[in-house]
Amino acid sequence: MRIDIHAHLWTDDYLDLLVELGHTDTDTQRGMGAGLGAELEARLRLMDSAGVDMQVLSAPPQLPYGEDREKAIAAAQFVNDQYTDVVSRNPHRFRAFASTPMPHIDASLAEIGRALDELGMVGVAMNTTVLGRALVDPEFAPIFAELDRRAAVLYLHPAGNSACSPLIADYHLTWMAGAPIEDTISVMQLITHGFPLRYPNIRIINSHLGGALPMLLQRADNQYLWEAPGTPELPSTLARMMWYDTVGHGHLPALRAAIDSFGADRLILGTDFPYEAGDIFARAISYISDPSIAPEDAKAILAANAAGLFGPKV
């Protein structure tokens, strides 16, 4: 079974709730094909044409993060209930990651419990930052402790905040360059703070082949002792304790670098639908089977790794 673990779904009703929460970046998400009704039917046809059996749906970067606690809770419950309805109507085609009303810790812990225990969701999705704050901030430790207790899957996705840098935001680079930079910063923070060892039961999936991480592992191994001496193990060792989706816009050199850096067993199929749609969606799957990729590696990336990670939940 081919499982696409990087696929977005949102409706205008949900995006309207985010606007009430203070989000200002929802306009570009509307009318992209990520909704219900005819858009969902078109998605299923595209999945069939590309040989994708199942998608794990997620809301980032449009997560219900906001300072207004009650509005954040309402938006999180709304999208999680909406996803649950989609899954219940299409049980052989979809699963979903839960959204949480961060930065409200108690409310997020409650929604994690509801989503995983009552709604049957297969993991939790978070952005690589929470309202500009790093995930390794001690404030968020209770979230990671609970995910570790549950041995949960945690899917991380860029927030689309240009890594809080005007050098990215002011030069129209938020998604072309900023998103993979967000991935890179986030995974390096997890590494230097020893999260794969501190929370060994969390199955962390990083987006977009880990950003620039495949090109930086040896550099990190060479320099961490003087720049981040508290890192508890070689960065390359800690990197290989996490997983990475294959969203690379069909760029084979990047995929090969990720295979060489992390191992094919740490890569999982992702398409980034609807940002990659039509022929680009099909290429997001087909490039993994390029002749330059060992057939056994392609088979693992396309199917076996996700099955092993999620187990009977998919």
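Residues numbered from 1 in each chain as written. Predicted model: local features only at pLDDT ≥ 70, side-chain atom pairs only at ≥ 80, totals over all residues. Heavy atoms only, no water.

Undergrad: Give me the lowdown on the overall build of the protein, citing residues and values where you can.
TA: Counting secondary structure elements, the protein contains 13 helices and ten strands. On C-alpha atoms alone, the protein measures out to a radius of gyration of 18 Å, which is about the 20 Å that the 2.2 N^0.38 rule sets for 314 residues. Dimensions of the protein along its principal axes, counting C-alpha atoms only, are 50 × 45 × 45 Å. Looking at the 314 residues of the protein, the share that counts as buried comes to 56%. (Helix = DSSP H or I, 4+ residues; strand = E, 2+ residues; numbered from the N terminus. Rg over C-alpha atoms; globule rule 2.2 N^0.38 Å. Buried < 20%, exposed > 50% of the residue type's maximum accessible area, 1.4 Å probe, protein only.)

Undergrad: Mind laying out the side chain of asparagine 80, listing which residues take part and the relevant values?
TA: By the element assignment, asparagine 80 lies in helix α3 (residues 69–89). Looking at asparagine 80, the relative accessible area reads 0%, which means it is buried. In this structure asparagine 80 touches Phe97, Ala98, Ser99, Glu111, Arg114, Ala115, Leu119 and Met121, once residues within four positions along its chain are discounted. (Contact = heavy atoms within 4.5 Å.)

Undergrad: Quick one: what's the story with the pattern of salt bridges, residue by residue and with numbers?
TA: A full pass over the atoms with the stated rule returns twelve salt bridges. Of the charged contacts in the structure, one is a salt bridge between arginine 114 and aspartate 81, with a shortest N-O distance of 2.9 Å. Placement of arginine 114 in helix α4 (residues 105–118) and of aspartate 81 in helix α3 is noted, with a sequence separation of 33 residues between them. In this structure aspartate 81 comes out as partly exposed when scored by relative accessible area, which is 36%. (Salt bridge = Lys/Arg side-chain N within 4 Å of Asp/Glu carboxyl O.)

Undergrad: So, the packing of aromatic side chains: which residues are in play, and what are the values?
TA: With the rule as written, the count across this model stands at eight aromatic pairs. Ring centres of phenylalanine 273 and phenylalanine 281 lie 5.9 Å apart, and the angle between their planes is 85°; on these two criteria the pair is classed as edge-to-face. Each member of the pair, phenylalanine 273 as well as phenylalanine 281, carries the same accessibility label: buried. Through pairs of rings, three or more aromatic residues link up here, namely Phe97, Tyr155 and Phe310. Stacked on the ring of tryptophan 243, the Lys or Arg arginine 266 has its end atom at 4.1 Å from the ring centre. (Phe/Tyr/Trp six-rings, centres within 6.5 Å; stacked < 30°, edge-to-face > 60°. Lys NZ or Arg CZ within 6 Å of the ring centre and 35° of its normal.)

Undergrad: Report on the UniProt feature "domain: Amidohydrolase-related" (unreviewed entry) in the protein, specifying residues and quantitative values.
TA: As annotated by UniProt and renumbered to match this structure, "domain: Amidohydrolase-related" (unreviewed entry) occupies residues 3–311. Structurally, residues 3–311 comprises 49% helix and 13% strand, and the distance from its first C-alpha atom to its last is 12 Å. (UniProt positions renumbered as here; feature names shortened; annotations may be inferred.)

Undergrad: With reference to specific residues and values, describe unusual backbone geometry.
TA: Along the chain, proline 60 connects to proline 61 via a cis peptide bond; the corresponding omega equals 10°. With respect to the helices, strands and loops of the structure, proline 61 is situated in the loop between β2 (54–58) and α3. Here the bond from phenylalanine 273 into proline 274 is cis, since omega is 5°, no more than 30 degrees from zero. Inspection of the secondary structure puts proline 274 in the loop between β10 (267–268) and α12 (278–286). Phi is positive for cysteine 164, close to 55°, though the residue is something other than glycine. Structurally, cysteine 164 is set in the loop between β7 (153–157) and α6 (166–169). Judged by its relative accessible area of 53%, cysteine 164 is exposed. In this model, aspartate 272 sits at a positive phi of 65°, which is unusual for a non-glycine residue. Looking at where aspartate 272 falls in the secondary structure, it is placed in the loop between β10 and α12.

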